[in-house]
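Residue-level structure breakdown
Next come the chains, spelled out residue by residue.
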Amino acid sequence: MSEPSKKTALTPATHTTPPAKFSHGVKKGNILQVAGQVGFGPAVEGQAPTPVGPTLREQTLQTFANVRAILEEGGATWEDVVMVRVYLTDTAHFAEFNEIYNSYFADLKEAPAARTTVYVGLPAGLLVEVDALAVLG
Amino acid sequence: MSEPSKKTALTPATHTTPPAKFSHGVKKGNILQVAGQVGFGPAVEGQAPTPVGPTLREQTLQTFANVRAILEEGGATWEDVVMVRVYLTDTAHFAEFNEIYNSYFADLKEAPAARTTVYVGLPAGLLVEVDALAVLG
Amino acid sequence: MSEPSKKTALTPATHTTPPAKFSHGVKKGNILQVAGQVGFGPAVEGQAPTPVGPTLREQTLQTFANVRAILEEGGATWEDVVMVRVYLTDTAHFAEFNEIYNSYFADLKEAPAARTTVYVGLPAGLLVEVDALAVLG
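Before going into details, it helps to say that this report is about the structure given with it. (Residues numbered from 1 in each chain as written. Chains lettered and ligands numbered in written order. Predicted model: local features only at pLDDT ≥ 70, side-chain atom pairs only at ≥ 80, totals over all residues. Heavy atoms only, no water.)

Along its length, chain A carries two helices and six strands. Along chain A, helices and strands appear, N-terminal first, in the series β-β-β-α-β-α-β-β. The globule rule puts the C-alpha radius of gyration for 137 residues at 14 Å, and the 15 Å found for chain A is close to it. Out of the 137 residues belonging to chain A, those deemed buried represent 56%. (Helix = DSSP H or I, 4+ residues; strand = E, 2+ residues; numbered from the N terminus. Rg over C-alpha atoms; globule rule 2.2 N^0.38 Å. Buried < 20%, exposed > 50% of the residue type's maximum accessible area, 1.4 Å probe, protein only.)

Another point: the interface of chain A and chain B. Contacts between the two partners involve 33 residues from chain A, matched on the other side by 30 residues from chain B. Between chain A and chain B the total buried area reaches about 2,400 Å² when both faces are included, carbon and sulfur atoms providing 59% of it. The interface formed by chain A and chain B contains two salt bridges. A salt bridge links B:Lys28 to A:Asp80, with the nearest nitrogen and oxygen atoms 3.4 Å apart. Breaking the side of chain A that touches chain B down by element, the ones donating at least two residues are β4 (81–88), α2 (94–104), β5 (114–119) and β6 (128–135) of chain A. The element that contributes the greatest number of residues to the side of chain A that touches chain B is β5(A), accounting for six residues. Of the residues belonging to the side of chain A that touches chain B, the class tally is 21 nonpolar, seven polar and five charged. (Contact = heavy atoms within 4.5 Å. Buried area = accessible area lost by both parts, 1.4 Å probe. Salt bridge = Lys/Arg side-chain N within 4 Å of Asp/Glu carboxyl O. Nonpolar A, V, L, I, M, F, W, Y, C, P; charged D, E, K, R; others polar.)

With 33 residues of chain C at the interface, the matching set in chain A holds 30 residues. For the pair chain C and chain A, the two sides together bury roughly 2,400 Å², of which 59% comes from carbon and sulfur. The interface formed by chain C and chain A contains two salt bridges. In this assembly, chain C and chain A are joined by 16 residue pairs in polar contact (both at pLDDT 80 or more). (Polar contact = N/O pair within 3.5 Å; in protein donor to acceptor, adjacent residues only side chain to side chain.)

Counting 111 residues, the largest nonpolar core has A:Leu71, A:Trp78, B:Leu71, B:Trp78, C:Leu71 and C:Trp78 as the members making the most contacts within it. The residues contacting B:Trp78, other than those within four sequence positions of it, are B:Phe64, B:Val67, B:Arg68, B:Leu71, B:Val84, B:Tyr104, B:Phe105, B:Leu108 and C:Lys7. Ranked by size, the runner-up nonpolar core spans 18 residues in total, among them A:Leu122, C:Val38, C:Val118 and C:Leu122. (Core = buried A, V, L, I, M, F, W, Y, C linked by side-chain atoms within 4.5 Å.)

This paragraph deals with the sheet that holds strand β2 (residues 25–28) of chain C. Backbone hydrogen bonds are what pair the strands of a sheet, in a parallel or an antiparallel way. Residues and elements named next belong to chain C. Read across the sheet, six strands follow the order β1-β2-β3-β6-β4-β5 without closing on themselves; strand pairing throughout is mixed. Each edge of the sheet is formed by a strand with only one pairing partner; in this case those strands are β1 (7–9) and β5 (114–119). Each neighbouring strand pair of the sheet contributes to a mean axis angle of 10 degrees, computed without reference to strand direction. Of the pairings in the sheet, the one linking strand β3 (residues 31–37) to strand β6 (residues 128–135) comprises five bridges and is antiparallel in character. Opposite Gln33, over in β6, you have Leu133 as the bridge partner. (Pairing = 2+ DSSP bridges. Axes fitted to C-alpha atoms, helices over the stretch in contact; angles between N-to-C directions.)

Residues and elements named next belong to chain A. Relative to each other, helix α1 (residues 56–73) and α2 sit at 40 degrees, their axes nearing to 10 Å. Considering the angle they form, α1 stands oblique to α2. The two elements α1 and α2 meet at a crossing, and its hand is right-handed. Only Glu96, Phe97, Ile100, Tyr101 and Tyr104 of α2 make contact with α1, whose side of the interface consists of Leu56, Arg57, Thr60, Leu61, Phe64, Ala65 and Arg68. (Parallel < 35°, antiparallel > 145°, perpendicular 65-115°, else oblique. Left-handed = near helix turned anticlockwise from the far one by under 90°.)

Moving on, we come to the relation of the copies chain A and chain B. Mapping chain A onto chain B calls for a rotation angle of 120 degrees and an axial translation of 0.0 Å; the resulting RMSD is 0.0 Å. Expressed as an axis order, the relation between the two copies is that of a three-fold axis. Among all C-alpha atoms of chain A, that of A:Val120 lies closest to the rotation axis, at 3.3 Å. Taken as a fraction of all interface residues of chain A, those also at the interface in chain B reach only 18%, which identifies the copy contact as different-surface. (Least-squares fit on C-alpha atoms with pLDDT ≥ 70 in both.)

Within the fold, A:Tyr87 resides in strand β4. Note on A:Tyr87: relative accessible area 3%, which makes it buried. Taking C-alpha positions, A:Tyr87 is 20 Å from A:Ala20, a pair spaced 67 residues apart along the chain. What A:Tyr87 contacts, discounting residues up to four positions off in sequence, is A:Val118, A:Val120, A:Leu122, A:Leu127, A:Val128, A:Glu129, A:Asp131, C:Arg85, C:Thr116 and C:Val118. Looking at A:Tyr87, its side chain comes within polar contact range of the side chain of C:Arg85, at 3.3 Å.

What follows is about the relation of the copies chain C and chain A. Expressed as a screw operation, the relation of chain C to chain A combines 0.0 Å of axial shift with a rotation of 120 degrees, fitting to an RMSD of 0.0 Å. Comparing interface residues between copies, only 18% of those in chain C also sit at the interface in chain A, which points to a heterologous contact through distinct surfaces.

Time to look at the sheet that holds β5(A). All names here are of chain A. The strand order β1-β2-β3-β6-β4-β5 describes an open sheet built from six strands, whose pairing is mixed. The open sheet has two edge strands with one neighbour each: β1 (7–9) and β5. The mean inter-strand angle of the sheet, taken between neighbouring strand axes irrespective of direction, is 10 degrees. For strand β2 (residues 25–28) and strand β3 (residues 31–37), the ladder comprises four bridges, and the chain directions are antiparallel. Bridged to Val26 within β3 is Gln33.

So, about the side chain of B:Arg115. Position of B:Arg115 among the secondary structure elements: in strand β5 (residues 114–119). The charged side chain of B:Arg115 is buried without a salt bridge, its nearest counter-charge being C:Glu129 at 7.8 Å. At 3.1 Å, the side chain of B:Arg115 and the side chain of B:Thr117 are in polar contact. Every residue in contact with B:Arg115, bar those within four places of it in the chain, is listed here: B:Met83, B:Val84, B:Val86, B:Phe94, B:Phe97, B:Asn98, B:Tyr101, C:Ala20, C:Phe22, C:Ser23, C:Ala35 and C:Gly36. (Lys, Arg positive; Asp, Glu negative; His and termini not counted.)

Structure representation (structure tokens):
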């Protein structure tokens, strides 16, 4: 590439402030990286980030909405995403998660992204975390 | 880059169908991303995906074969891989995994990929999962 | 990109030898990938890799130094990093880790990298592992 690539933070207006010095998303060159998103609803002034609900479905759909907002902030869509990393807390959630995933991505026009799903610990109350790598251009 | 980059799914003929709407691998621009692979043997019509055996060695070698098939489907090889992510379920498997890893990659001609190994939960019966990021061109 | 991209291993002189056939970092095309780093101090001949101390702070700062050495070996800096993956072993460490993170990155001039933090198992004695993806050019 002939020009130096600028690094841009992607910060949707409704997102809660990250709990540390990181960006919700970053664009540099042909790469757009979305940070780990969870099911926090839109930021409310003076209130700590809170998941939209206790269920896997509620949290997953909000998590996807949060990822999508960052993609859109960078001029991208789910169609540009090459990798989705899924962190669940319980292997018993796999089947339900996949149903939600399939419904959410039913209308994709291009090849779906690759995906890795593993089971980890997350802060209390959170059932799912998702990050995404997109290639632009 | 001057042309819009096409997004292509990489789906080796022998691979089992993914359990959700994701691709086993995706190529876009200069990036090839392999989804999390496990030790499932070649797809058998009418049969659920099944690991090739209960041992770490069997599953690891099949997992590597599955990753390689996706790379090759995209016109790439292990030499193009810059990152291998390894998910094990038991820290006691680290030494044996490394022996298998070293034998498998003994003939690499270029610099070996970077690697991160962490210990997570996986669905019952699975001891190892691996994904990979390759840079093409 | 018009020229084939060379793949280069990034191996800081003071780093301990990886426990298997992988590189501490790799550069290929516009991508620099740093392998999972932990709080091992500089290599000492004839001695196994050892964390610099038992505390989260000691290990985290050494881990960041180890990542940075690899970035610098590739002609990059933290400013080029688009994604930091953080693996902790205990959700109770999140707040302290963020304090250390914020201090360490206080002087960043460009947008901070995206980040995903999950809780996993690590080999005995290790409290934190970090890897990083940078985009060059």
